[in-house]
Structure formats: structure tokens, C-alpha cells
Amino acid sequence: MPSLTRPHVPRYVLPPTVDEELEYADLPIIDLSKGDTTKGRSDLASQVCKAMTTQGFFYVINHGYTAAQSSQTQRIFDIADVPFAQVNEDEKRQYEGKMEQSGSYEGYKLRQYFIILFSQHIDGGVRDQVEMYGSKSPRTSWLKRRADIRKVHHDINKRQHPQAIRPLLPEISDFVRHCHFEVVFPILRLLAIGLELPEETLVNMHGFDTIGESYIRYMKYYPRSHEDEVKSKNVWLKGHTDIGSITLLPSQPIAALQMLGPDGRWRWVKHIENALIVNAGDAIEFLSGGFYRATIHRVVQPPVSQRNYNRLGLAYFSRADNDVQLSPLLESPVLQRVGIKKHGRFGPDSTAPTMEAWVKGRTATYGRTELKASEKEKGVEEQVINGVLVKHYS
């Protein structure tokens, strides 16, 4: 779309990169442009398979959006700030989501909804400072704030949006469609190849126009008080796995995202300009019988050089269709050779939830229910959702 025809949006100035020397996770970089041939896809599948069976995180480059041409990447960050900077507090409250009741992340998640650290009385716990807004990919939308998080689902026009967002819906829809068809689908094909299944096996479970909960979310994290940082040991969002299949995060400069490595150590995820950070969620771990690893990650206070900045981000969360049962794909020759891994969650003898049940169960309870300390793992809290053990990491 020519720039002169686009609605005006204030330019969001991305903050400078971190000054400190940090211990970064060593993550592979996947060049999607090499997947146009059968051999290219086979080579990429080997790289993705290795990443997903060890860490669950990797970068994607040459994904179709560039920083140079039409400033596409800059524009998506400009738009990401609109739900937070261009919508007043009264209007945000009009579009506040009802996560506990609906089990869906549509609308605004305002600040202090999540309880990061429980005390004997929940009201005395440390709460989040992230604001979000999210909506289904072209079907719905919502926002949240203490880390401003906005989420826009596939059908972005199905649900009403704040006034400032409405002129931007065509661009948001284009971005969502691009993420789904040009990035998520190629990754799902590579994952299927890694399982020695037909390339479209996982794609066929993730229809764009079918009923599901794929969505885009905008997020804005705000600095917290020193007292809250001390109480929560600088953790802004506890370590967790994502609910769905594949998460896409456009890389941004503020260092705060960390992943838990196979060795049990937290490492920072480094900013790579114009790259997408990709991670696997619960659905992929379940469908692969534990062969692929849902990434454990958290958000923490940024290093000193970046603590005076708000942290703006966005994510596209892809999920399987609502009626997909998250059972291991036992027809996979790979799973027949290596077996099904339980990973302390559920195995082949358990009844797997559907994608819809899993989404609603985790969404309704996240950050709202008191957790039980693990008897086996230090720094881990647990809850059971739909018969599945869910862990949260400090």
C-alpha cells in the first residue's frame, strides 16, 4: 500500500540497544528464503527439528517484511503503540477483556490483572505492569496494559475496536495474514517433515478461516517500583510455555525476554534487527508427543541501561483449530521409533484436551489462581488444568 494512502500514525521511536554484556542463548537463524525447493525445505527442516527438540526457540529472517522497503517493520511498531498511546483510559476500560469468564484474550488486559507474586492474601501480592490489547486474526481484537499487550485475532472486524485502531484494521489484517500464511505455514511444514509426515499434516490443523483462537497481541511493559522488583526478584512475567502452536515475535531492542535452557539456566534472547523470534507452544509439544519442546520463557526487568524505557512488543500466536484434539500424531514414523515422551504432563494413556478446552482452561486461570510449590523442583510452582500438569517458573 503506498505510504500516502495509509492513515497517519505517530512514529514510535525504538529505544537503543542494551549497553551491558549479557549471557545470550545461542539460537539458530532460519532463512525462510531457502525453503522454495524440496532440498531447501529438507535442509531447513533439519535445522528447525534440532532447534525444536532442544531449545524450542529460533530466529527467522527473510520472512517477507523488511526494514528498508516501505519501512514495514517500523510501521508495525508504530501501529503497535496506538492501542496504548492513542486510546485514553476510559475508552480502554470500555474494551476491557473478560479473560476469567470467557477464557479468551480478546480486548484490553489492563495493568495489575496478573498476580506475579502471591502472598497470604492475594491483594497483597505483586501485580503486573503490562498493558495488552489483542484480537483474533481476522475475527477479533483486544488490549492489555502494565506491559501494553494488544492481541488481534484473524477476524479483526468481528469485534469492535477503539476509535484510533479502526482505520488501521486493513493493515493489521494484512500483517496477520502474512504471519499465518508466509511464516507459520512454512514452519509447520518443516515441523511435519521433521516428523516424517506429509508436509500439510500440521497446516491442515491450523486453518485461517476456521474457528480458532489465533490472534495478534500488542504489549507495553512499564517500569515497576523498586519494592515490587525486590519482592518478585525482578520477574515481570513468570516462566511459562505458550498455549498454542507457534508464536512469532518481531525482535525489539529492550532486553527482557529470557529462555530456560536444557541445562536449567536462564539466558537472554538477543535482539536481531528485523528478525522474528519463533517458539513452540504446548500444542506442538502435545501433537509431537514431546518430541518437539514447548519453550519455557519469561520476562524480567531490563538491564540498567534500558530501565527508563517502556518496552513495546507484539506477538502473533497461532493455534490449532478449536476441535483438534491435542493427541500425539502416532502415525509419525519418528514417534514410532523414539516413543512418546511424557514430560511430566500427559502421556499416550491420558485423554488429551481439544485446542479450545486447553485455551480456555489456561487463559481463565493464568495469573489469577494461587499456585502450589513443586515438591520436586526448586523455583517451580504447579497447577493442573484439564488433567495436565502446568508449571510456572520464577
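Please refer to the structure higher up on the page.
Here the structure is a predicted model, which means the values were calculated and not measured.

**Student:** Please clarify how the overall build of the chain should be interpreted in this entry.
**Tutor:** The secondary structure content of the chain amounts to nine helices and 19 strands. Here the chain holds 394 residues, and the buried ones make up 60% of them. Contacts in the chain between residues at least 24 apart in sequence constitute 72% of all its contacts with a sequence separation of at least 6. When the accessible surface of the chain is summed, it comes to about 16700 Å², and 49% of that surface belongs to carbon and sulfur atoms.

**Student:** It is not clear to me how helix α2 (residues 72-85) should be interpreted in this structure. Could you clarify?
**Tutor:** Residue pairs three or four apart in sequence face the same way in an α-helix, which turns once every 3.6 residues. Compared with the 20 Å implied by 1.5 Å per residue over 14 residues, the 20 Å span of α2 between its first and last C-alpha is a close match. For α2, the buried fraction is high: twelve of the 14 residues fall into the buried class. Every buried residue belonging to α2 is among T73, Q74, R75, I76, F77, D78, I79, A80, D81, V82, P83 and F84, and all of these are buried.

**Student:** How do you make sense of the pairing of strand β12 (residues 257-260) when you look at a structure like this?
**Tutor:** As a general feature of sheets, a regular strand has side chains that alternate between the two faces. Along β12, one buried face is formed by L257 and M259 and the opposite face, lined by Q258 and L260, is buried too. One ladder, built from three bridges, connects β12 with strand β15 (residues 297-300); its direction is antiparallel. Bridging from a neighbouring strand, L257 pairs with V299 of β15. Bridge count for β12 against strand β13 (residues 266-268) is three bridges, and the pairing is antiparallel. For L260, the partnering residue across the bridge sits in β13 and is W266. Following β12, the chain reverses through five residues before pairing antiparallel with β13; G264 in that reversal takes a positive phi of roughly 85°.

**Student:** Looking at this structure, I do not really get the pattern of salt bridges. What am I missing?
**Tutor:** Between side chains of opposite charge, a pair can form when the charged atoms approach closely. Counting across every chain of the model gives 16 salt bridges. A salt bridge links D43 to K39; its shortest N-O distance comes to 2.8 Å. Of this pair, D43 and K39 both sit in helix α1 (residues 38-54), four residues apart, roughly one helical turn. One network of salt bridges, with partners in common, ties together E23, D263, R265 and R267.

**Student:** How do you make sense of α1 when you look at a structure like this?
**Tutor:** Under the 1.5 Å per step criterion, the end-to-end length of α1 is 24 Å for 17 residues, consistent within 8% with the ideal 24 Å. For α1, every residue scored as buried is listed here: G40, L44, A45, V48, C49, A51 and M52. For α1, the buried positions fall inside an angular range of 165° around the axis, keeping them on one side. Exposed residues pointing more than 90 degrees away from the buried face of α1 are listed as K39 and K50. Check the buried side of α1 and you find it contacts β1 (29-31), β2 (57-61), α5 (169-194), β11 (246-250) and β14 (276-280).

**Student:** Help me understand the side chain of E131 in this model?
**Tutor:** Among the structural elements, E131 can be located in strand β6 (residues 130-138). Here Y222 takes part through its side chain, which lies 3.4 Å from a polar atom of the side chain of E131.

**Student:** Mind showing me how you'd approach the packing of α1 against α5 here?
**Tutor:** Packed helices, taken two at a time, are described by their axes: the angle between them and the distance between them. Here α1 crosses α5 at 80°, and the two axes come no closer than 8 Å. The pairing of α1 with α5 is recorded here as roughly perpendicular in orientation. On α5, the residues touching R41, L44, A45, V48, C49 and M52 of α1 are L190, L191, I193 and G194. Tallied by class, the residues present in the contact of α1 with α5 amount to eight nonpolar, one polar and one charged.

**Student:** Looking at this structure, how should I read the packing of aromatic side chains?
**Tutor:** To describe a pair of aromatic rings, you give the distance between the ring centres and the angle between the ring planes. Per the stated rule, a full pass over the model turns up eight aromatic pairs. Judged by centre distance (5.4 Å) and plane angle (70°), the rings of Y65 and F175 are edge-to-face. Separated by 110 residues along the polypeptide, Y65 in the loop between β2 and α2 and F175 in helix α5 bring together distant segments of the chain. For F175, a relative accessible area of 7% puts it in the buried group. Consider the rings of F286 and W358, whose centres lie 5.3 Å apart with planes at 70°: the pair is edge-to-face. Separated by 72 residues along the polypeptide, F286 in helix α7 (residues 282-287) and W358 in helix α9 (residues 355-365) bring together distant segments of the chain. Put simply, the rings of F181, F185 and F208 pair up and form one aromatic cluster. Above the plane of the ring of Y24 lies K270, whose end atom (NZ or CZ) is 5.5 Å from the centre. One residue, R298, lies across the ring of W266, its end atom 4.1 Å from the ring centre.

**Student:** Before we go on, may I ask you to explain unusual backbone geometry in this structure?
**Tutor:** Backbone phi values are negative for most residues with the exception of glycine, while trans is the configuration of most peptide bonds. Although it is not a glycine, N62 adopts a positive phi angle of roughly 50°. Along the polypeptide, N62 turns up in the loop between β2 and α2. A positive phi is found at N234, a non-glycine position, where the angle reads about 70°.

**Student:** Help me out: how do you make sense of the pairing of β2 in this one?
**Tutor:** In terms of burial, β2 is a largely internal element, four of the five residues being buried. Relative to β2, β1 runs parallel, the two being bridged by three bridges. Counted as the bridge partner of I30 is V60 from β2. Relative to β14, β2 runs antiparallel, the two being bridged by four bridges. Across the sheet, the residue bridging to F57 is N279, located in β14.

Procedures and definitions
Residues numbered from 1 in each chain as written. Predicted model: local features only at pLDDT ≥ 70, side-chain atom pairs only at ≥ 80, totals over all residues. Heavy atoms only, no water. Helix = DSSP H or I, 4+ residues; strand = E, 2+ residues; numbered from the N terminus. Buried < 20%, exposed > 50% of the residue type's maximum accessible area, 1.4 Å probe, protein only. Contact = heavy atoms within 4.5 Å. Areas by Shrake-Rupley, 256 points an atom, 1.4 Å probe, with all protein chains shown as cover. Expected span 1.5 Å × (residues − 1). Pairing = 2+ DSSP bridges. Salt bridge = Lys/Arg side-chain N within 4 Å of Asp/Glu carboxyl O. Arc of directions from axis to C-beta. Polar contact = N/O pair within 3.5 Å; in protein donor to acceptor, adjacent residues only side chain to side chain. Axes fitted to C-alpha atoms, helices over the stretch in contact; angles between N-to-C directions. Parallel < 35°, antiparallel > 145°, perpendicular 65-115°, else oblique. Nonpolar A, V, L, I, M, F, W, Y, C, P; charged D, E, K, R; others polar. Phe/Tyr/Trp six-rings, centres within 6.5 Å; stacked < 30°, edge-to-face > 60°. Lys NZ or Arg CZ within 6 Å of the ring centre and 35° of its normal.

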